[in-house]
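# Descriptive analysis of the structure
These are the residues of each chain, in order.
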Protein chains: 2
Amino acid sequence: MAFVTIRDIAQEAGVSVTAVSQILHDKGRFSQQTRELVRQTAERLGYVPDQRARAMRSAATQTVGLLVPDLRNPYFADMVSSMEEELYRRGFTTLIGSYGERVDRQDAFLRSLLGQRIDGAIVVPQGGLSQGLQLLIERKLPLVFVDRLVPGAENVPFVVSDPKPGLEEALERLAGLGHRAIGFVSHSALGSFSVNERAKAFSAAIRERIPGGTGVVVDCNSTVESRSSALERLNNAGVTAIICAYSPDAITMLGLLQERGIAIGDAVSLISFDDIEAFRLMVPQVSVISQQADAMGRLGVEMLIRRIASGTEVAAHTHYVPTVLHMRGSCGVAVV
Amino acid sequence: MAFVTIRDIAQEAGVSVTAVSQILHDKGRFSQQTRELVRQTAERLGYVPDQRARAMRSAATQTVGLLVPDLRNPYFADMVSSMEEELYRRGFTTLIGSYGERVDRQDAFLRSLLGQRIDGAIVVPQGGLSQGLQLLIERKLPLVFVDRLVPGAENVPFVVSDPKPGLEEALERLAGLGHRAIGFVSHSALGSFSVNERAKAFSAAIRERIPGGTGVVVDCNSTVESRSSALERLNNAGVTAIICAYSPDAITMLGLLQERGIAIGDAVSLISFDDIEAFRLMVPQVSVISQQADAMGRLGVEMLIRRIASGTEVAAHTHYVPTVLHMRGSCGVAVV
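Residues numbered from 1 in each chain as written. Chains lettered and ligands numbered in written order. Predicted model: local features only at pLDDT ≥ 70, side-chain atom pairs only at ≥ 80, totals over all residues. Heavy atoms only, no water.

As recorded in an unreviewed UniProt entry, chain A goes by the name Periplasmic binding protein and sugar binding domain of the LacI family protein, listed as coming from Bifidobacterium saguini DSM 23967.

Here the focus is the relation of the copies chain B and chain A. Overlaying chain B with chain A gives an RMSD of 2.0 Å, the required rotation being 180° about an axis along which the chain moves by 0.9 Å. On this basis, the relationship between the two copies can be described by a two-fold rotation axis. Minimal C-alpha distance to the rotation axis in chain B is attained by Q33(B), lying at 1.7 Å. (Least-squares fit on C-alpha atoms with pLDDT ≥ 70 in both.)

On to the pattern of salt bridges, then. This model, assessed by the stated rule, comprises 38 salt bridges over all chains. E302(A) serves as the salt-bridge partner of R90(A), at 2.6 Å between the closest nitrogen and oxygen. On the criterion of sequence distance, the pair formed by R90(A) in the loop between helix 5 (74–89) and strand 2 (93–98) and E302(A) in helix 13 (residues 293–310) is long-range, its members being 212 residues apart. For E302(A), a relative accessible area of 26% puts it in the partly exposed group. Across the pair R90(B) and E86(B) runs a salt bridge, and its minimum N-O distance is 3.0 Å. A relative accessible area of 11% means that E86(B) is categorised as buried. Salt bridges sharing partners connect three or more residues here, namely E86(A), R89(A), R90(A), E302(A) and R306(A). (Salt bridge = Lys/Arg side-chain N within 4 Å of Asp/Glu carboxyl O. Helix = DSSP H or I, 4+ residues; strand = E, 2+ residues; numbered from the N terminus. Buried < 20%, exposed > 50% of the residue type's maximum accessible area, 1.4 Å probe, protein only.)

Further remarks concern the interface of chain B and chain A. Listed as interface residues are 46 residues of chain B and, on the opposing side, 46 residues of chain A. In total, about 3900 Å² of surface goes out of reach between chain B and chain A, with carbon and sulfur atoms giving 50% of it. Across the pair R72(B) and D78(A) runs a salt bridge whose closest N-O atoms are separated by 3.4 Å. Summed over the shared surface of chain B and chain A, the number is 18 residue pairs in polar contact (both at pLDDT 80 or more). The set of elements that each furnish at least two residues to the side of chain B that touches chain A consists of helix 3 (32–45), helix 5 (74–89), strand 2 (93–98), helix 6 (103–114), helix 11 (247–259) and helix 12 (277–281) of chain B. The element contributing the most residues to the side of chain B that touches chain A is helix 5 of chain B, with eight residues. Among the residues making up the side of chain B that touches chain A, the classes are represented as 19 nonpolar, 17 polar and ten charged. (Contact = heavy atoms within 4.5 Å. Buried area = accessible area lost by both parts, 1.4 Å probe. Polar contact = N/O pair within 3.5 Å; in protein donor to acceptor, adjacent residues only side chain to side chain. Nonpolar A, V, L, I, M, F, W, Y, C, P; charged D, E, K, R; others polar.)

This brings us to empty space enclosed by the protein. Evaluated as defined, the whole model comprises six cavities of 30 Å³ or more. Of the pockets and cavities examined, the largest cavity occupies roughly 90 Å³. Residue lining of the largest cavity: S98(A), R105(A), A108(A), F109(A), E84(B), Y88(B), F92(B), T93(B) and T94(B), and that is the complete set. Every element with two or more residues in the lining of the largest cavity is listed here: helix 6 (103–114) of chain A together with helix 5 and strand 2 of chain B. Ranked by residue count, the leading element in the lining of the largest cavity is helix 6 of chain A, at three residues. Of the residues contributing to the lining of the largest cavity, the split by class is four nonpolar, three polar and two charged. (1 Å grid on protein atoms, 1.4 Å probe; cavity = no way out; pocket = protein on both sides within 12 Å on 5 of 7 lines; lining within 4 Å. Points joined across faces, edges and corners; volume = space filled by probe spheres on them.)

Across all of its chains, the model carries six aromatic pairs over all chains by this definition. Centroid distance Y75(A) to F76(A): 5.0 Å. Interplanar angle 55°. Geometry classified as tilted. Note on accessibility: Y75(A) and F76(A) belong to one class, buried. Summarising the aromatic geometry, the rings of F158(B) and F193(B) are spaced 5.8 Å apart at their centres and angled 70° between planes, so their arrangement reads as edge-to-face. Taken together, the positions of F158(B) in strand 5 (residues 158–162) and F193(B) in helix 9 (residues 193–209) put the pair 35 residues apart, joining distant regions of the chain. In this structure F158(B) comes out as buried when scored by relative accessible area, which is 2%. One cation-aromatic arrangement involves R105(A) over Y88(B); the distance from NZ or CZ to the ring centre is 5.5 Å. (Phe/Tyr/Trp six-rings, centres within 6.5 Å; stacked < 30°, edge-to-face > 60°. Lys NZ or Arg CZ within 6 Å of the ring centre and 35° of its normal.)

Ranked by size, the top nonpolar core spans 100 residues in total, and within it V146(A), I242(A), F279(A), V146(B), I242(B) and F279(B) carry the most contacts. Counting residues in each nonpolar core, the second largest holds 41 residues, with V156(A), V160(A), L136(B) and F158(B) among its members. (Core = buried A, V, L, I, M, F, W, Y, C linked by side-chain atoms within 4.5 Å.)

All names here are of chain A. Burial along strand 10 (residues 287–290) is two-sided: the face carrying S287 and I289 and the face carrying V288 and S290 are both buried. Where strand 9 (residues 269–273) meets strand 10, three bridges bridge the pair, whose relative direction is parallel. Bridging from a neighbouring strand, I271 pairs with S287 of strand 10. The pairing of strand 10 with strand 12 (residues 324–326) spans three bridges and is classified as antiparallel. Following the sheet pairing, I289 is matched in strand 12 by L325. (Pairing = 2+ DSSP bridges.)

Here we come to the environment of G311(B). All names here are of chain B. Mapped onto the fold, G311 is located in the loop between helix 13 (293–310) and strand 11 (318–322). When its relative accessible area of 24% is taken as the criterion, G311 is described as partly exposed. Separated by 170 residues in sequence, G311 and L141 place their C-alpha atoms 8.6 Å apart.

Attention shifts here to the confidence of the model for chain A. On average, chain A scores 88 in pLDDT, and the residues at 70 or more come to 95%. Counting contacts from residues 50–58 of chain A, a segment whose pLDDT is below 50, to residues more than four positions away or on other chains yields ten contacts. (pLDDT = per-residue confidence, 0-100.)

As structure tokens, this is what we get:
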């Protein structure tokens, strides 16, 4: 044995690595018997304090947990893939989970993750401060939230997309094409912080960028019926252009419009959030407000690795990644 | 506390659950001091031996590892999602990894997985019997391969798609539309068992289903140049219909054909393997030979759970899931 690490002591004494580390630093609550066992084992093996730093490095698992709402949503598949690539490049293995936008599955994964050997976690959370998220925070696991903020968890670093720049550019371009009445499709049932932020940003931006224009906000959920009814309401309100906050809604609505023979980019213009491959493959190609999933993913990794190094007591920061508009064939001159 | 488990003893004594379990069964190599600590703690907490079965049940991790080549490929994102749903329904948590079709990343994930607390793994492997895969097999971890067979690992249960039924139906339907010269795009650089099987099945099926017809097999890799050159060769060979073995190739080729103004479903017909959402969203919709990713995923889970229950010494079986043709607008009457 070249040098003795706390892992060696833990193995020899049959106690956990955490227990050894805490006892040697006079921390934690252990019986006198356990403390003596660890100290005697450390002495017997010839453990010396100046190896502490090296021992702590080698005790790191170099593994990170990564949880996203839904891998069938290409936006998250993209984000997860770029995070995994970046983590691999930096020597980490990634354990991914997804939870079908269901809080019970999210919390089951998080509880299970805490039983694994990981150094930290990056989470795209659902809804509020659930039991599973609370557990992660209480255990002081290095943690970063991406894409969606959790109210009440402001001490966790957070990477979020800023919907404003992309939305403002979209409204300016639509105004330039003669659009005055713009529809916005929100999806409040998702309980997603970032999707809700987009609706707020839309209402503010339309006042600024299309003075005297009309913004019509409708809400839908994940059923075809609800999306069809939202389209109907926008049509009745006389909008000539639609912005979707959540890309799965846009995909269904484009299908519904094509079924009804309504020409996209002509009779109606459409822009969706999320720069997913499907939107580039469709004819006409669909204009998007890109959240730059790759950039967000890489930034999330950067922040987590810093958090692992600095500990969870350091103040948390929120980082905004600006959205960017990609204008494509699904937008045309307004037909009034 | 309703009853005392080995987990409670481990926590109280500051030792690992494994150490408690081994010491209480007179196994393992621990110091006399550790043994006494565990036994005294067990006695103090009121642990009784007839709780052994219950304690061992609670020691099962109910966690499964799941490794796929690429989450950006919607075929694998679909498959992983249906496996994860099925595992959750049966009370398991899933730790997912992906490896960008790179053997070094595959093996890094597998090595890391062996350091985690898992009951088994489902793997869509790349290439041959790599070091990482060998390690998994040697450790006798319950294991199922899905989608791609590993030569030399025939003692691992295996779920594979049978390309024959879908391919034969595709050739019959194309023959009915007047196609006599059919191109087939393979992708041997992937080193994928199932993708290679499709090329073999094509050559056999064309002899049977289009007697006197011509089958032209070209190979490409993941660059646009190579895909463009494969299209060129098929065009020069005078084919009127193309079948792609690997859906990312089809996506690029459809883009190239549209760029060149070649009408899909008219000047050329195209069918791709993999029933992914993008193919249903494109205009015209793309015909596919579906491997029924959902059915394969659910069967893989079923087989793994049986393997976990029965152990890895039981003989392994291979299960074939038949492919199914979905004919859509990308196929039309042959233009000769």
